[in-house]
Amino acid sequence: MTLLAVERIKLFTTRSPWWCTLIALVLTIGFGALMAGTSDEAIAPLNVAATQFGYGFGLVVVMVMATLAITTEYRFSTIRATFLAVPNRPSTLVAKATVVAVLAAVVGEIAAFGSWGIAGAIKPNVDLAINTAYEWRAVAGVGLVYALSAVVAVAVGVLIRHSAGAIAVLLIWNQLVEPLVQLIPRVGDDIHKWMPFNIANKLVTGNPDPTTRDVLQGPPPSDAVLGPWPAIGVFAAFAAVLLGIAIVVANRRDA
Amino acid sequence: MIEAVGLTKSYGKTLAVDNLSFSVPTGRVTGFLGPNGAGKSTTMRMILGLDTPTGGSALIDGKRYRDLHQPLRTVGALLDAKWVHPNRSARAHLQWLARSNKLPAKRVDEVLEIVGLTAVAGKRAGGFSLGMSQRLGIAAALLGDPQVLLFDEPVNGLDPEGILWIRKFMHRLAEEGRTVFVSSHLLSEMALTAQELVVIGRGKLISQSSTEDFVAQATENTVLVRGPQLGHLRTALGQAGASVRDEGAGLVVSGMDCADIGELAARTQTVLHELSPQRGSLEEAFMQLTGDSVEYHTEIADAPTPATLVPAGK
């Protein structure tokens, strides 16, 4: 508990988490409003999934926040001050990942329900009630994906230690490598089905309710073969393994 | 008590610290002296568990730093005053440190008071001058009221007022019975601050002694003797028990003062052109001791004295 409190103080006494939170919320909720405002009942009526259109953009910002939470510690050597105060490096890094993940989850839930809420306010006549399991996952699942992605970002930050490098790796991976891997002839599609962020995306976009889901609406659906919950389980395991590797490396490396 | 036994650190083929053994006695100020690049910082980082030694070990009161429970209560360290997030306030920086070792929150205000930063406690640490950063670093080191304190080059880059403040502070800590281990590349500074000296060069131990002994040895008086024919005098000096070495055309005599040498010269009927006492400075002695172990020599003829050469640190 002490270490969680320490990491909480550290996180909220700098500015970048506040800015990133604000940007993530403005982006996601802004896209929710945009989707609601531009939806045309005649062509493609607004639905719950469509309100979450901006979730992928928010995810990027949340990962930047999570990366900065650790790389700025290396940048300003406060990681050394931390290891002096708490020589147990694994506990410290787990506490850091936990605090960042919790913030990411909170941001994700506010973003998701904020987007849904603003869409409902703009189009009060459209039925946006969250009824099915799919609709619940499409909204409430955002926080979980953000939280686990934040853990991945912390792990990458520990391994790379430089803000620019770590953020570049995460963004190139998430935004370029995963979509572009599909272009590889024959095997590309099969590889893509097992890419980590694509798998995570399955929780939010997977197994749509065929009556309400339109591919043109909402975030691009995942083509992962796993079901939504096994998929997020695999992504959680991936995040845990990556964090484990980062902790082993940080524990052996000179601070 | 800090004890280093066979401490070794190599980076690839470079040996930064080479089989270093020394001890820092309890309740005294021990200076850790060596030229830039001698391995002082690396040694301190190994003592504090930040870097893993390639060989040997460093123990604080018999324990490895990483095995200490709530280490800030046992050891306070200031390795670099800039280890602070620039956008975090001084108070917030101390708050998370205090929390990490379950120290009461009011201790933060106490240490801020001790180092005189109360007025700027809410300001972002990135805007601090070096002197203020140094004070903040010392406040952090004092948080847990530790009996052992380590400071790496604490006066580096400070203005005279800041240096004086640090110096007084070290004395105060020692008077309170704490163990202080402070590194510097300035012997003159250490002569004023430290009671014990651990001197290293190129990662190896050169000497460990009390500062008094070191200074006595360092400022040993010699006499320069010049003359056209010094053969007889040289023999007589040797017989009288003085040690003699050649320097250019003259002799440098130690263990005998000018008067005695003059008498001897008269007895051996030696013509003297010069008979002058030489008093080596601390810096010269330090250079003599560590001269071979300075990593990066500058090939400047008639180089200025080290005291004026060395503003930079790590």
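Here the structure is a predicted model, which is why all the values come from computation and not from measurement.

Rules used throughout
- Residues numbered from 1 in each chain as written.
- Chains lettered and ligands numbered in written order.
- Predicted model: local features only at pLDDT ≥ 70, side-chain atom pairs only at ≥ 80, totals over all residues.
- Heavy atoms only, no water.
- Helix = DSSP H or I, 4+ residues; strand = E, 2+ residues; numbered from the N terminus.
- Buried < 20%, exposed > 50% of the residue type's maximum accessible area, 1.4 Å probe, protein only.
- Contact = heavy atoms within 4.5 Å.
- Rg over C-alpha atoms; globule rule 2.2 N^0.38 Å.
- Areas by Shrake-Rupley, 256 points an atom, 1.4 Å probe, with all protein chains shown as cover.
- Lys, Arg positive; Asp, Glu negative; His and termini not counted.
- Charge placed at Lys NZ, Arg CZ, Asp CG, Glu CD.
- Buried area = accessible area lost by both parts, 1.4 Å probe.
- Salt bridge = Lys/Arg side-chain N within 4 Å of Asp/Glu carboxyl O.
- Pairing = 2+ DSSP bridges.
- Axes fitted to C-alpha atoms, helices over the stretch in contact; angles between N-to-C directions.
- UniProt positions renumbered as here; feature names shortened; annotations may be inferred.
- Domains from an automatic or database assignment.
- Core = buried A, V, L, I, M, F, W, Y, C linked by side-chain atoms within 4.5 Å.
- Patch = residues over 30% accessible without salt bridge, like charges linked within 9 Å, V, L, I, M, F, W, Y side chains within 5 Å.
- Phe/Tyr/Trp six-rings, centres within 6.5 Å; stacked < 30°, edge-to-face > 60°.
- Parallel < 35°, antiparallel > 145°, perpendicular 65-115°, else oblique.
- Left-handed = near helix turned anticlockwise from the far one by under 90°.
- Nonpolar A, V, L, I, M, F, W, Y, C, P; charged D, E, K, R; others polar.

Right, let's get into the overall build of chain B. Broken down by element type, chain B carries eleven helices and 13 strands. Counting all 314 residues of chain B, 50% fall into the buried class. Pairs at least 24 apart in sequence give 71% of the contacts found in chain B among residues at least 6 apart.

Glancing now at the overall build of chain A. Of regular secondary structure, chain A possesses ten helices and zero strands. Ordered by position from N to C terminus, the α and β elements of chain A give α-α-α-α-α-α-α-α-α-α. By the compact-globule yardstick of 18 Å for 255 residues, chain A fits well, its C-alpha radius of gyration being 19 Å. C-alpha extents for chain A along the principal axes are approximately 65 × 45 × 30 Å. Relative to its 255 residues, chain A shows a buried fraction of 55%. The contacts of chain A with a sequence gap of at least 6 include a subset with a gap of at least 24, amounting to 79%. As displayed, chain A has an accessible area near 10,600 Å², and 72% of this comes from carbon and sulfur atoms. Distance between charge centroids for chain A: 16 Å, based on 16 positive and 14 negative side chains.

A common way to state how big an interface is: give the accessible area lost once the parts meet. On the side of chain A, 27 residues touch chain B, which itself brings 29 residues to the contact. With both sides pooled, the region where chain B packs onto chain A buries about 2,500 Å², and carbon together with sulfur makes up 60% of that total. The three residues of chain B that bury the most area against chain A are B:Arg66, B:Trp83 and B:Trp96, which together make up 28% of that side's buried surface. Run the count over chain B and chain A and you get one salt bridge. For A:Asp254, the salt bridge goes to B:Lys9, with nearest N and O atoms at 2.7 Å. Looking at the side of chain B that touches chain A, the elements with two or more residues in it are strand S1 (2–11) and helix H2 (90–100) of chain B. Top element by residues in the side of chain B that touches chain A is H2(B). It accounts for six residues.

Moving on, we come to the sheet that holds strand S6 (residues 148–152) of chain B. All names here are of chain B. Reading across from one edge, S5-S6-S7-S3-S8-S9 is the order of the six strands in this open sheet, with mixed pairing throughout. Edge positions in the sheet fall to strand S5 (75–78) and strand S9 (204–210), since each of these pairs with one other strand and no more. Between one strand axis and the next, the sheet turns through 15° on average, direction left out of account. Strand contacts of helix H4 (residues 130–142): S5 and S6, with the helix running at about 165° to S5, the strand carrying the most contacts.

Turning to the pattern of salt bridges, a few remarks are in order. Residues and elements named next belong to chain B. Tallied over the entire structure, the rule returns 19 salt bridges over all chains. The salt bridge involving Asp67 is made with Arg64; its shortest N-O contact spans 3.2 Å. Residue Arg64 is classed as partly exposed on the basis of its relative accessible area, which comes to 44%.

All names here are of chain A. The feature "transmembrane region" (unreviewed entry), as annotated in UniProt, sits at residues 18–37, 49–72, 93–118, 138–160, 167–185 and 229–250 in this numbering. The span residues 49–72 shows a helical share of 75% and a strand share of 0%, and its end C-alpha atoms are spaced 36 Å apart. Between the end C-alpha atoms of residues 229–250 the distance is 31 Å, and the span holds 100% helix and 0% strand.

The assigned domain composition of chain B is domain 1 (2–74 + 146–217) and domain 2 (221–279). The gap between the C-alpha centroids of domain 1 of chain B and domain 2 of chain B is 41 Å.

Quick look at the environment of B:Glu113 now. Residue and element names in this part refer to chain B. In this fold, Glu113 is placed in helix H3 (residues 106–115). On the basis of relative accessible area, Glu113 is assigned to the exposed category, the value being 55%. Distance in space between the C-alpha atoms of Glu113 and Ala139 is 8.8 Å, their sequence separation being 26 residues.

This brings us to the side chain of B:Thr43. Within the secondary structure, B:Thr43 is located in helix H1 (residues 40–47). Beyond its immediate chain neighbours, meaning those up to four positions away, B:Thr43 contacts B:Leu7, B:Val17, B:Leu20, B:Phe22 and B:Phe32.

Here we come to the nonpolar core. With 98 residues, the main nonpolar core has A:Val152, B:Phe22, B:Leu150 and B:Phe181 as its most contacted residues. It is helix H6 (residues 133–160) of chain A that provides the largest number of residues to this core, a total of 14 residues. The contacts of B:Phe22, once residues within four sequence positions are left out, are B:Ile2, B:Glu3, B:Ala4, B:Phe32, B:Thr43, B:Ile47, B:Phe181, B:Val198, B:Leu205 and B:Gln208. A:Ala81, A:Ala85, B:Leu112 and B:Val120 belong to the second-largest nonpolar core, a separate cluster that totals 51 residues.

The next subject is a positive patch on the surface. Taken together, the side chains of A:Arg8, B:Arg73, B:Arg99 and B:Lys102 make up a positively charged region of the molecular surface. With respect to the helices and strands, B:Arg73 occurs in the loop between strand S4 (55–60) and S5.

What follows concerns the packing of aromatic side chains. To describe a pair of aromatic rings, you give the distance between the ring centres and the angle between the ring planes. Residue and element names in this part refer to chain A. In total, this model carries 14 aromatic pairs over all chains according to the counting rule given. Each ring, one from Phe31 and one from Phe57, has its centre 4.7 Å from the other, and the planes form 15°; the classification is stacked. Here the residue Phe31 occupies a position in helix H2 (residues 16–38), and Phe57 occupies one in helix H3 (residues 55–75), the gap between them amounting to 26 residues. Residue Phe31 is classed as partly exposed on the basis of its relative accessible area of 21%. Both rings, one in Phe197 and one in Phe235, keep their centres 5.6 Å apart while their planes meet at 55°; by these two values the pair is tilted. Pair noted here: Phe197 is in helix H9 (residues 196–205) and Phe235 is in helix H10 (residues 228–252), with a separation of 38 residues, a long-range link.

This part covers the packing of H3(A) against helix H5 (residues 89–122) of chain A. Residue and element names in this part refer to chain A. Across the interface, H3 lies against H5 with an axial gap of 10 Å and an inter-helix angle of 155°. Classed by the angle they form, the pair H3 and H5 counts as roughly antiparallel. Here H3 runs over H5; the crossing is right-handed. Taking contact as the criterion, the partners of Val62, Met65, Ala66, Ala69, Ile70 and Glu73 in H3 are, on H5, Leu93, Lys96, Val100, Leu103, Ala104 and Val107. The residue makeup of the contact of H3 with H5, split by class, is ten nonpolar, no polar and two charged.

Positioned with a positive phi, A:Arg186 is a non-glycine residue whose angle comes to about 60°. One non-glycine residue, B:Asp61, lies in the positive phi region at around 50°.

A few words now on the environment of A:Phe53. All names here are of chain A. Along the chain, Phe53 falls in the loop between H2 and H3. The spatial distance from the C-alpha of Phe53 to the C-alpha of Ala119 is 11 Å, given a sequence separation of 66 residues. Non-local contacts of Phe53, meaning those with residues more than four positions away in its chain, are made with Phe31, Met35, Gly218 and Pro219.

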